[in-house]
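A closer look at the structure
Chain by chain, the residues run as shown.
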Amino acid sequence: MRVLVTGSKGFIGKNLVSELKNRNGYEIFECDVDTSDVQLKAFAKECDFVFHLAGINRPEKVEEFMEGNYGFTTKLLGYLIESGNKAPVLVSSSIQAVLDNDYGKSKKACEDYLIAYGKEQGVNTYVFRLPNVYGKWCRPNYNSAIATFCNNITRGLEIKVNNRDTLMTLVYIDDVVNAFINASNGICFTDNGYCKVPVEDKITLGEIVDLLYSFKESRQTLSLPDMNRGVVKKLYSTYLSYLPEDDFSYELRMNVDQRGSFTEFLRTDGQGQVSVNISKPGIVKGNHWHHTKNEKFLVVKGEGIIRFRKVGDDKVIEYKVSGSKLEVVDIPCGYTHNIENVGDDDMVTVMWANEPFNKDCPDTFYEEV
């Protein structure tokens, strides 16, 4: 399929073009502000589908809203008519099309013109009234509060929130792109005659801000957000995409002694805690048991033995472990256990516990294996 994408260098256009390139079967004609009318006319003649995403959001003069949005739309459709091309056309509009402002009026004019064009020319048209779109590659301090918040919070800059109780309707860029591509294949969800992205989230501005600040603090708390909630997962991915390029990494607190080290990597409210344990040759760690806490040990470097003894019994069970053969050893409740480095080099073990360590209720009881 030969597809024309106007606004190809913009936020939505860049994401759409990137995903189309990831999929087989598309020849992409990219159109942006630096594309000449001659080139646009050639694209309009050859394309099989049009993703019309170009538009003006923040002009210097209000009249540029109508010139850039409505004016360019009429030019594009005029080229399609001139070439006799009946390719379907998708346009990205806005929920502001129902509002009495200059931007909304220009988007409504585009919608009406495209719908009339479709009826007159016998062409399939898709008008997407998009709410607040967020995700990677959106320009901060432009037309997305989330992009601005992410940019400023990652850099320690101030943000301005007028009303924390404002309810936002959000659509994530990947869901928008998928909906657009589905429409190009004739699959489209509609609401009152307009196309919509099937996955939407409603969340207050205050909760968005609180989540973004919690993401920043997670480098100190090591606590990951609840990724089971889709909007949280998507906001976290968006937040990370705005990290300064010299701030991708952060140090962990290593608890070091003569035996080696123990370092907590991350923790969650519901999925437990992950840590990295390094043991020097000949060192034995552990010799304790738990009532409810359970663990998984994975030796990724070195040679070791994990020993178990059920509390109250005399029988000792041994498991040999090695970084050359990755296998997980479950640590059942009610068994005192230890792990010994029997190799010549440091032994590195990734440890998962079903709950983060709680110093007030450690559920850890010393007893030699």
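A brief structural summary. Just so it is clear, the model here is predicted, and its values are computed rather than measured. (Residues numbered from 1 in each chain as written. Predicted model: local features only at pLDDT ≥ 70, side-chain atom pairs only at ≥ 80, totals over all residues. Heavy atoms only, no water.)

1. Regarding the sheet that holds strand E15 (residues 295–301)
Our working rule: Strands qualify as paired when DSSP identifies two bridges or more between them. Every helix listed is a DSSP run of H or I at least four residues long, and every strand listed is a run of E at least two residues long, numbered separately from the N terminus. Each axis is a line fitted through C-alpha atoms, taken for helices only over the stretch in contact, and angles between the N-to-C directions span 0 to 180 degrees.
Here we have six strands laid out as an open sheet, ordered E11-E12-E13-E20-E15-E18, and antiparallel in their pairing. Strands at the two margins of the open sheet, each flanked by one partner only, are strand E11 (254–257) and strand E18 (328–331). Averaged over all neighbouring strand pairs, the angle between strand axes comes to 20 degrees, with direction disregarded. Here seven bridges tie strand E12 (residues 260–267) to strand E13 (residues 273–279), and the two strands are oriented antiparallel to one another. Within E13, the residue paired with Ser261 across the bridge is Ile278.

2. Topic: the environment of Ile12
For Ile12, the location among the structural elements is in helix H1 (residues 11–22). Along the backbone, Ile12 and Val133 are 121 residues apart, and their C-alpha atoms lie at a distance of 8.6 Å.

3. Observations regarding a nonpolar patch on the surface
Applied cut-off: For patch detection, residues must exceed 30% relative accessible area and be free of salt bridges, and they are connected within 9 Å for like charges or within 5 Å for nonpolar side chains (Val, Leu, Ile, Met, Phe, Trp, Tyr). For the accessible areas, the method is Shrake-Rupley and the probe is 1.4 Å, while residue cover comes only from the protein chains on display. Salt bridges are identified by distance alone: a Lys or Arg side-chain nitrogen within 4 Å of an Asp or Glu carboxyl oxygen. For every residue, the accessible area (1.4 Å probe, protein chains only) is compared with the maximum for its type, and the residue is labelled buried under 20%, exposed over 50%, or partly exposed between those bounds.
On the surface, Tyr250, Leu252 and Phe265 cluster together to form a nonpolar patch covering roughly 260 Å² of accessible area. On the basis of relative accessibility, which here comes to 32%, the residue Leu252 falls in the partly exposed class.

4. Points about the pattern of salt bridges
Scanning the entire structure with this criterion turns up 24 salt bridges. For the salt bridge of Glu82 with Lys41, the shortest nitrogen-to-oxygen distance reads 3.7 Å. With Glu82 in helix H3 (residues 63–83) and Lys41 in helix H2 (residues 37–46), this residue pair connects regions lying 41 residues apart in the sequence. With a shortest N-O distance of 3.1 Å, Arg259 and Asp257 are connected by a salt bridge. Taken together, the shared-partner salt bridges connect Arg2, Glu46 and Asp48 into one network.

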